[in-house]
Amino acid sequence: MTASTPAAAALPQAAGSLAARHSSWAAWTWAYLAMAAVSLVLMSIDDRLLQGVSVWNKPFKFQLSIAVYFATLAWFAPLLGERFFSTWRGRLMTWLAIFWAAAEIAYITFQGAIGQASHFNFTSDFHATAYSVMGFGAATLVAICLWMAVEILVRTRGRARSPYVWAVVAGLTLTFALGGGFGSYLGNAAGHWVDAPATDAGGLWLFGWTREGGDLRAAHFFGMHAMQVLPVIGWLAGSRLSRATALGTIALASTGYAALSTAVFLQAIAGRPFPL
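Here the structure is a predicted model, which means the values were calculated and not measured.

Draft legend 1. Spatial organisation of empty space enclosed by the protein. The final tally for this structure, using the stated rule, is 1 cavity of 30 Å³ or more. Each pocket or cavity is described by its volume, and for the largest cavity that value is around 150 Å³. In terms of lining, the largest cavity is formed by 18 residues, of which the most central are L50, Q51, S54, V55 and K58. Counting only elements with at least two residues in the lining of the largest cavity, the list comes to β2 (53-54), α3 (57-76) and α4 (88-113). Sorting elements by how many residues they give to the lining of the largest cavity places α3 first, with 4 residues. Tallied by class, the residues present in the lining of the largest cavity amount to 6 nonpolar, 8 polar and 4 charged.

Draft legend 2. Representation of the side chain of N121 in the model. Within the element layout of this structure, N121 appears in the loop between α4 and α5 (125-155). Look at N121 and you get buried, because its relative accessible area is 6%. If near-sequence neighbours (up to four positions away) are discounted, N121 is found in contact with Q111, Q116, H127 and A128.

Draft legend 3. Fine view of the packing of aromatic side chains. The full count for this structure, using the stated rule, is 19 aromatic pairs. Aromatic pair Y185 and F265: ring centres 5.1 Å apart, planes at 90°, arrangement edge-to-face. Placement of the pair is Y185 in helix α6 (residues 163-187) and F265 in helix α9 (residues 243-269), with a sequence separation of 80 residues. Judged by relative accessible area, Y185 falls into the partly exposed class, the value being 43%. Of the residues examined, F265 reaches a relative accessible area of 14% and is grouped as buried. In textbook terms, an aromatic cluster arises when at least three aromatic residues are bridged by ring pairs, as seen for F207, W209, F221, F222 and F274.

Draft legend 4. Structural detail: the packing of α3 against α5. Running from N to C, α3 and α5 cross one another at 15°; their axes reach a closest spacing of 12 Å. Classified by the angle their axes make, α3 and α5 are roughly parallel. Regarding α3 and α5, the two cross each other, and that crossing is left-handed. Seen from α3, the contacting residues are I66, Y69, L73 and F76; seen from α5, they are L141, I144, C145 and M148. Along the lines of polarity and charge, the residues of the contact of α3 with α5 split into 8 nonpolar, no polar and no charged.

Draft legend 5. Up close: the side chain of S261. In this fold, S261 is placed in helix α9. For S261, a relative accessible area of 0% puts it in the buried group.

Draft legend 6. Region of interest: unusual backbone geometry. Each neighbour pair has its own omega, and for F274 with P275 the value is 10°, a cis peptide bond. If you trace the backbone, P275 turns up in the segment after α9. Its identity as a non-glycine residue notwithstanding, L206 has a phi of 75°, on the positive side. By the element assignment, L206 lies in the loop between β3 (193-194) and β4 (214-215).

Draft legend 7. Quick look at a nonpolar patch on the surface. On the surface, L33, L64 and V68 cluster together to form a nonpolar patch covering roughly 180 Å² of accessible area. Looking at the element boundaries, L64 is found in helix α3. Its relative accessible area of 33% is what places L64 among the partly exposed residues.

Draft legend 8. Quick look at the packing of α6 against helix α8 (residues 226-240). Contact geometry of α6 with α8 gives a least axis separation of 7 Å together with a crossing angle of 165°. If you check the angle between α6 and α8, you find them roughly antiparallel. You can see that α6 and α8 cross each other, and the crossing is right-handed. Of α8, the residues touching α6 (which contributes P163, Y164, A167, V168, A170, G171, L172, L174 and T175) are A226, M227, L230, P231, G234, W235 and G238. When its residues are assigned to classes, the contact of α6 with α8 shows 12 nonpolar, 4 polar and no charged.

Draft legend 9. How the structure looks around the environment of L247. The residue L247 is located in helix α9 in this model. C-alpha of L247 to C-alpha of A167: the two residues are 80 residues apart in sequence and 8.4 Å apart in space. Those residues within four positions of L247 in sequence are excluded, and the remaining contacts are P163 and W166.

Draft legend 10. Broad picture of the pattern of salt bridges. The full count for this structure, using the stated rule, is 5 salt bridges. Of the charged contacts, one joins R155 and E151 as a salt bridge, the two residues approaching to 3.4 Å between their closest N and O atoms. Here R155 pairs with E151, and both are found in helix α5, just 4 residues apart, close to one helical turn. On the basis of relative accessibility, which here comes to 27%, the residue R155 falls in the partly exposed class. A residue is classified by how much of its surface remains accessible, and E151, at 7% relative accessible area, is buried.

Here is what the cut-offs are and how they apply
Residues numbered from 1 in each chain as written. Predicted model: local features only at pLDDT ≥ 70, side-chain atom pairs only at ≥ 80, totals over all residues. Heavy atoms only, no water. 1 Å grid on protein atoms, 1.4 Å probe; cavity = no way out; pocket = protein on both sides within 12 Å on 5 of 7 lines; lining within 4 Å. Points joined across faces, edges and corners; volume = space filled by probe spheres on them. Helix = DSSP H or I, 4+ residues; strand = E, 2+ residues; numbered from the N terminus. Nonpolar A, V, L, I, M, F, W, Y, C, P; charged D, E, K, R; others polar. Buried < 20%, exposed > 50% of the residue type's maximum accessible area, 1.4 Å probe, protein only. Contact = heavy atoms within 4.5 Å. Phe/Tyr/Trp six-rings, centres within 6.5 Å; stacked < 30°, edge-to-face > 60°. Axes fitted to C-alpha atoms, helices over the stretch in contact; angles between N-to-C directions. Parallel < 35°, antiparallel > 145°, perpendicular 65-115°, else oblique. Left-handed = near helix turned anticlockwise from the far one by under 90°. Patch = residues over 30% accessible without salt bridge, like charges linked within 9 Å, V, L, I, M, F, W, Y side chains within 5 Å. Areas by Shrake-Rupley, 256 points an atom, 1.4 Å probe, with all protein chains shown as cover. Salt bridge = Lys/Arg side-chain N within 4 Å of Asp/Glu carboxyl O.

Right, dumping it as structure tokens:
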């Protein structure tokens, strides 16, 4: 037995656990991870650049981000109860997320493959329309987070909700409010750079956020990932603290996270680079 055996066994175990929670969303999680792996390979062999970085940079980041999105939704799915996803509301929630994510990733990947921008591309009526449709799809994906939060509250009505459940609800709601709000501002801007050169070359490692001015993507990133950060805090607090203390910790963390995300947004529109 080699030292890598436990790590190798963890992947199928994780896949099985996710599939048991929501098979469709789990399948798309692994599909987008596979796409991201292909894009990562293409980044190393395709020397074409777009806005100072590989043409495969944006497809890779969005494929990875959508994989995390679906993994998170799948992980929360049991909180809605066994029967929810057999109802018309559950099926609609499932397939709205799948359809709009697929449409967005297909367009972003295609544009990257031909070396053209997918975002802020108004070079033709087709590209302008596609960008608008993509914005509607992105808004739908964050609206699903709020929808899931409401459904969780409705289906746990009359029962003592654990700190973890409250943290999940808070995270999903903040993703809708912050991720959607900052995303809407970003989508209606002329670009994501503020008082900075229109290039991602030399940007912050992995994220690509400019170091020479403001970058609206930073606040959008923080807003979108409230749905992962707060549930982790809630799980840790709920497993180590009293219920009252855990709930207070979650409330404080939610407020602090919203304040931090807002500060990052205000910093960006002032033309100052991240980090603070």
